[in-house]
Amino acid sequence: MRTFSCRCGNPLFFENTHCLACQADVGWCPACRHIVALEPLPGGGYRCTQPGCQTALMKCHNYALENVCNRTVVINQGYADTLCDCCRYNAVIPDLSIEGNRERWAALEAAKRRLFHTLDLLALPHGTVGDAIDVPLSFSFMADALPDQGLWRSTANQEKVYTGHASGHITINVKEADAVERERLRVDMNESHRTLIGHFRHEIGHYYWDLLVKQRDEDACRQVFGHHDQPTYADALEQYYQQGAPGDWPTRFISAYAAMHPWEDFAESFAFYLDMVAVLDTAMHMGLYRTEYDGTLDSMLLAFHQVGMAVNELNRDMGLLDLAPGAVAPAVRDKLAYVHRLVRHAGTHQETR
Ligand SMILES: [Zn+2]
Ligand SMILES: [Zn+2]
Ligand SMILES: [Zn+2]
Ligand SMILES: [Zn+2]
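Throughout, residues of each chain are indexed from 1 in the direction in which the sequence is written. Lettering of chains starts at A and numbering of ligands starts at 1, both following the order in which they are written. Thresholds applied to this predicted model are a pLDDT of at least 70 for local features of residues and 80 or more for the giving and counting of side-chain atom pairs; totals over whole chains, interfaces and linings are not thresholded and use all residues. Heavy atoms throughout the structure, all of them, feed into the side-chain values; hydrogens and water do not.

A.B. asks: Any chance you could break down the nonpolar core for me, citing the residues and the numbers?
C.D. replies: Ranked by size, the top nonpolar core spans 75 residues in total, and within it Leu124, Phe139, Ile204, Tyr208, Phe266, Phe270 and Tyr273 carry the most contacts. Every helix listed is a DSSP run of H or I at least four residues long, and every strand listed is a run of E at least two residues long, numbered separately from the N terminus. Ranked by residues supplied to this core, first place goes to helix α4 (residues 196-213) with ten residues. Other than its neighbours up to four places away in sequence, Phe139 contacts Tyr89, Asn90, Ala91, Val92, Lys112, Leu115, Phe116, His169, Ile170 and Phe200. Put simply, a nonpolar core is a bunch of buried Ala, Val, Leu, Ile, Met, Phe, Trp, Tyr and Cys residues held in one set by side-chain atoms that sit within 4.5 Å of each other. Relative accessibility decides the category of a residue: with a 1.4 Å probe and only protein chains considered, values under 20% of the type maximum give buried, values over 50% give exposed, and everything between is partly exposed. Every residue pair with non-hydrogen atoms within 4.5 Å of one another is taken to be in contact.

A.B. asks: Go over the environment of Thr55 with me, naming the residues and quoting the values.
C.D. replies: Topologically, Thr55 is positioned in the loop between β5 (46-48) and β6 (56-59). On the accessibility criterion, Thr55 (18% relative accessible area) is buried. Along the primary structure Thr55 and Tyr207 are separated by 152 residues, whereas in three dimensions their C-alpha atoms are 33 Å apart. Residues contacting Thr55, with those up to four places away along its chain left out, are Ala31, Tyr46, Arg47, Cys48 and Val74.

A.B. asks: I'd like a rundown of the pairing of β6, residues and numbers included.
C.D. replies: Because side chains alternate across β6, one face comprises the buried residues Leu57 and Lys59, and the other comprises Ala56 and Met58, none of which is buried. Each pair of strands is called paired provided DSSP finds at least two bridges between the two strands. Direction of pairing for β5 relative to β6: antiparallel, over a ladder of two bridges. Along β6, the bridge assignment pairs Arg47 with Ala56. Pairing of β6 with strand β7 (residues 72-74) involves three bridges; the strand directions are antiparallel. Within β7, the position partnered with Met58 by the bridge is Val73.

A.B. asks: Any details on the coordination of the zinc ion (ligand 2)? Residues and values, ideally.
C.D. replies: Put simply, the ideal angle at a metal is 109.5 degrees for four donors in tetrahedral geometry and 90 or 180 degrees for six donors in octahedral geometry. Listed donors are limited to N, O and S atoms within 2.8 Å of the metal, widened to 3.2 Å for Na, K and Ca; water is not among them, so incomplete-looking sites are possible. With distances of 2.2 to 2.3 Å, the protein atoms coordinating the zinc ion (ligand 2) are Cys29 (SG), Cys32 (SG), Cys48 (SG) and Cys53 (SG). Each of the four donor atoms bound to the zinc ion (ligand 2) contributes to angles spanning 106 to 113 degrees, and the resulting shape is tetrahedral. In the primary sequence, the donor residues of the zinc ion (ligand 2) line up as C-x2-C-x15-C-x4-C. Here the residue Cys29 occupies a position in strand β3 (residues 26-29), and Cys48 occupies one in strand β5, the gap between them amounting to 19 residues. In this scheme the shape depends on donor count and angles: four donors with every angle between 85 and 135 degrees give tetrahedral, four or six donors with opposite pairs above 155 degrees and others between 65 and 115 give square planar or octahedral in turn, and any other case is irregular.

A.B. asks: Could you give an account of the pairing of strand β11 (residues 169-173), with specific residues and numbers?
C.D. replies: With four of five residues buried, β11 lies mostly within the body of the structure. Sheet analysis places strand β9 (residues 138-142) next to β11, joined by five bridges and oriented parallel. Following the sheet pairing, Ser140 is matched in β11 by Thr171. The turn joining strand β10 (residues 164-166) and β11, which pair antiparallel and follow one another in sequence, is formed by two residues; a positive phi near 50 degrees is taken by Ser167.

A.B. asks: Any details on the confidence of the model for the protein chain? Residues and values, ideally.
C.D. replies: Per residue, pLDDT measures the predictor's confidence, with a range of 0 to 100. When pLDDT is averaged along the protein chain, the result is 90; 93% of the residues meet or exceed 70. In this model, residues 349-353 is a region of pLDDT below 50 whose contacts with residues beyond four sequence positions or in other chains number twelve contacts.

A.B. asks: I'd like a rundown of the sheet that holds β5, residues and numbers included.
C.D. replies: As a general point, the strands of a sheet are linked pairwise by backbone hydrogen bonds and lie either parallel or antiparallel. In space, the five strands of this open sheet follow the order β3-β4-β5-β6-β7, with antiparallel pairing throughout. In this open sheet, the two edge strands, each paired with only one partner strand, are β3 and β7. When strand polarity is set aside, the average angle formed by the axes of neighbouring strands in this sheet is 50 degrees. All axes here are fitted lines through C-alpha atoms, helices being fitted over the stretch that makes contact, and every angle between N-to-C directions spans 0 to 180 degrees.

A.B. asks: For the coordination of the zinc ion (ligand 4), give the residues involved together with the corresponding values.
C.D. replies: Around the zinc ion (ligand 4), the protein contributes the donor atoms His202 (NE2), His206 (NE2) and Glu264 (OE), at 2.0 to 2.1 Å from the metal centre. Each donor residue of the zinc ion (ligand 4) belongs to the same chain, and together they define the spacing H-x3-H-x57-E. Linking His202 with His206, this pair stays in helix α4, spanning four residues, or about one helical turn. With relative accessibility at 8%, the residue His202 sits in the buried group.

A.B. asks: How would you sum up the layout of surface pockets? Please name residues and give values.
C.D. replies: Grid points spaced at 1 Å and placed over the protein atoms alone form the basis of the search, with a cavity being a set where a 1.4 Å probe fits but cannot get out and a pocket an open set showing protein on both sides within 12 Å along at least five of seven lines. Lining residues have an atom within 4 Å of a point. Grid points are joined across faces, edges and corners, and a volume is the space filled by probe spheres set on the points. Here the second largest pocket defines a volume of roughly 280 Å³. The greatest single-element share of the lining of the second largest pocket, amounting to four residues, is contributed by helix α6 (residues 233-243). Of the residues assigned to the lining of the second largest pocket, the class counts are ten nonpolar, six polar and three charged. When residues are sorted by character, Ala, Val, Leu, Ile, Met, Phe, Trp, Tyr, Cys and Pro go into the nonpolar class, Asp, Glu, Lys and Arg into the charged class, and all the rest, Gly among them, into the polar class.

A.B. asks: Pulling in residues and values, what's your account of the packing of helix α2 (residues 101-121) against helix α8 (residues 262-286)?
C.D. replies: The N-to-C vectors of α2 and α8 enclose an angle of 85 degrees; their axes lie 10 Å apart at closest approach. Taken together, the axes of α2 and α8 lie roughly perpendicular to each other. From α2, Leu115, His117, Thr118, Leu119 and Leu121 reach across to α8, where they touch Leu274, Val277, Ala278 and Asp281. For the contact of α2 with α8, the class distribution of residues is six nonpolar, two polar and one charged. By definition in this entry, angles of less than 35 degrees are roughly parallel, angles greater than 145 are roughly antiparallel, angles of 65 to 115 are roughly perpendicular, and the rest are oblique.

In structure tokens, the structure reads:
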């Protein structure tokens, strides 16, 4: 993510809601696509202070009243419910009568805003109910109805909320917004990372399979990822939880979980691709890599490898987890090449930088 600049000259970050130097309210202006200082207008609302923009704005309902957003809506062009271009995708929000859920919701929204920023960098199509899109996208953030007994996987208990995607609808269990709970699950599931933004990037991969691959490009996808009915998803899931990933998964898959089924392989590969796009966007704005990144997959992989090595060492200096895998296996590169082609083809512009 790039950084932004307040009208007072202070740097602003993507998550900011006010400037620490001049105390101005700040937010995302959808007109100029910057985090900007918001100048109050006499009749209510705000003016974007970005030179050359000056658009009249109002805070998103979830910014003004719920304190979980930092986006604005253009006055007169706003959606009827005054939700911003991220919040309007919500179908179910967490039960705010439960202590801690507002903070969990805020963390989920922050991750969702980053997701949409990356999708928009790639000019990937998306829309929600009522928009002109074949598969409307929506999100539900829900909690288990019964207290967790320490068992993550349960087939009998229908009160559990499963993080997942179905026909454009993404559900995320709000406990993923708890750092302690998430780390416990990461260890339980033997994952190298488990993050909120990672969940969003994985589930949106399933969304783009439905939107861009299903009945459009299935044959080509099958040649790279395998046939999604052989075995069926249910059989593959059962086998994965019985036996885990095959020992040679690193030579064929981006993650152990990707070995479960072709749909999960696609979603994990898609998520990794979005990881690379987001990291390289940040690295480019911060001047962090040496190679020429020309928009080809191989130049992306090389740049990501260089940035990843440097950040891995920084993380190890601080005792943190590695950012990036050491090298991408040839079979995994072929899967990423498929995703790259799909994204470039679907993007409404060809420039991904
Ligand atoms: Zn300021
Ligand atoms: Zn603006
Ligand atoms: Zn919002
Ligand atoms: Zn999945």
